[in-house]
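# Survey of secondary and tertiary structure
Take a look at the letters that make up each chain.
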Amino acid sequence: MKTIERKLLVVFGGFIIAIILVEFITNNFLLEKYYINENKEDFVRIGNELSDYYDENLQDFEEYIISVDKEEGISVFVIDYAGNIQYTSRTRRSYEEISKRMREIALQNKDMQGYTFGIFEDTSSYKSNYKITLTKRLEDGNYLILRKSIKGVQDSVDIANQFYIMVGIFIALIGGGIAIYLSKRITKPIIEMSNVAESIAKLDFSKQVYYHAPDEIGQLATSINTMSSRLSQNINQLRDDIEHRKQLFRNITHDLKTPITVIKGYAEGLQHSVVNNIEDIQDYCNVIVDECNQMNALVHEILSYSELEWSKTNVDKTSFSLVTLVNGLVERYENIMETKGIDFVARIDVSGSIYTDYQLLERLLNNYIMNAMNHVNDCKKVVLTVKEEKEFVAIEVFNTGNPISEDEESKIWKVFYKGIDSGSSESHGLGLSIVKTISDILQLTVGLRNEGDGVSFYVLLPKN
């Protein structure tokens, strides 16, 4: 497979060679034609001037054509029909060959009207020479012939070709070096980006593209680095989620295994008639029912957590009275708290409405209250406080108990974490993780604070 560097070298090299070839071809095939075409107008103009001068000042005509020859470099001849030279800007001697050629031109143009223009080969010397020739018939029947050699142009072409060859070699060497430098400079960041992209494909995000420039390649390098960073974060998060799922599965298995073992033991006891009287059988059945209720509660919490975590719960934000919600919770838990011997106090100091999801907020506060019930100590006191701050409404649930250490504060919101001193068989370690998930969905602030004789869990609701 051809590399980009090799392709760029071929392009640069081909471009340089093409320029040299175009100059060479232009010099060889077009320069002479261009030179002849540029001289045609001058020949016609000078021919007309000489024709007029011939008719008006014949006695001074030869001196005049000599001056034209010196100034314009154009040889001037006037010949008769027989080809004999009548006037010339050159010396009259040694013109036998010239006279012969002039006669041929005159014969070719005996019926000419106006002028003829073309290129004729001059063989008067040992080496042939092509000349631009204009022939014009004069009023007295003689012929005016203007001639100019293009040998100088031909020599210039040959010299130019040699010069172009030498310059071409020099340009090719210099251009080749520049092409190699530029190709390496251009391809280096591209090769670097290719290597980084290959590493990304192998899930190795440790490499970065170290190219910073205000151009498209620099933007591409920045995009690749950003993509690598985000992919690394997302994949790490995915790995954490996978590990989290594994841990969740292990915890679920463990929490289900205990009641299943208890149910199996008591059911086998009934199956093998370990107990015979009605009271013992009733006790066995009550244990089985209690364990089934715990399993049902666990499954319900797991499903609830799963729905929240995977955003399957539709958020329906409305404006409602927070007092109504809190009073409903107080009524719900008063009897339960009294049955457990817990002193339940509600302090509500708020008015007006808030805007959020009613059911999700109710579920969050339910879990706070249940957590307080499950972890209250022998002092058995739970306090529900609702107070209005400057920018938000704070809801706190306090329970007497041991303080939570800093190490536990970071773990307490995780799934199935029950705390070091948790002795409640009713807690499955899902309550606070559901609270954290709901707070993320509703974009609320939750946290905890150690008090003198217990712990307060709080949630902050924005007023607006």
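Everything numeric here is computed off the predicted structure, so don't read it as measured data. (Residues numbered from 1 in each chain as written. Predicted model: local features only at pLDDT ≥ 70, side-chain atom pairs only at ≥ 80, totals over all residues. Heavy atoms only, no water.)

### Observations regarding the packing of aromatic side chains
Counted only if it meets this: Stacked, edge-to-face and tilted labels apply to pairs of Phe, Tyr and Trp rings (six-membered ring for Trp) whose centres lie within 6.5 Å, assigned for plane angles under 30 degrees, over 60, and everything in between, in that order. Helix and strand labels come from DSSP, where a helix needs a run of H or I of at least four residues and a strand needs a run of E of at least two; each type is numbered from the N terminus. For every residue, the accessible area (1.4 Å probe, protein chains only) is compared with the maximum for its type, and the residue is labelled buried under 20%, exposed over 50%, or partly exposed between those bounds.
Taken as a whole and judged by the stated rule, the model has seven aromatic pairs. Note on F320 and Y358: the rings are 4.9 Å apart at their centroids and 70° apart in plane angle, and the pair reads as edge-to-face. Here Y358 lies in helix α9 (residues 358-375) and F320 lies in strand β6 (residues 317-321), a separation of 38 residues in the sequence. Among the residues examined, Y358 registers a relative accessible area of 29% and is labelled partly exposed.

### Topic: unusual backbone geometry
With a phi angle near 50°, K380 is a residue other than glycine that sits in the positive phi range. Assignment of secondary structure puts K380 in the loop between α9 and β9 (381-388). By relative accessible area, which is 32% here, K380 ends up partly exposed. One non-glycine residue, Q443, lies in the positive phi region at around 60°. Among the secondary structure elements, Q443 is positioned in the loop between α11 (431-442) and β11 (445-450). With relative accessibility at 69%, the residue Q443 sits in the exposed group.

### Some points on a negative patch on the surface
As a reminder, the rule being used: Patch building starts from residues that exceed 30% relative accessible area and form no salt bridge, then joins like charges within 9 Å and nonpolar side chains (Val, Leu, Ile, Met, Phe, Trp, Tyr) within 5 Å. For every accessible area listed, the method is Shrake-Rupley and the probe measures 1.4 Å; residues are considered covered only by the protein chains on display. Think of a salt bridge as a Lys or Arg side-chain nitrogen and an Asp or Glu carboxyl oxygen that are within 4 Å of each other. Charge counting follows a simple rule: Lys and Arg are positive, Asp and Glu are negative, and His as well as the terminal groups are ignored. Where a charge sits is defined by one atom per residue type, namely NZ (Lys), CZ (Arg), CG (Asp) or CD (Glu).
The grouping of D52, D55, E56, E139 and D140 at the surface amounts to a negative patch. Tracing the chain through its elements places E56 in helix α2 (residues 31-56). On the accessibility criterion, E56 (61% relative accessible area) is exposed.

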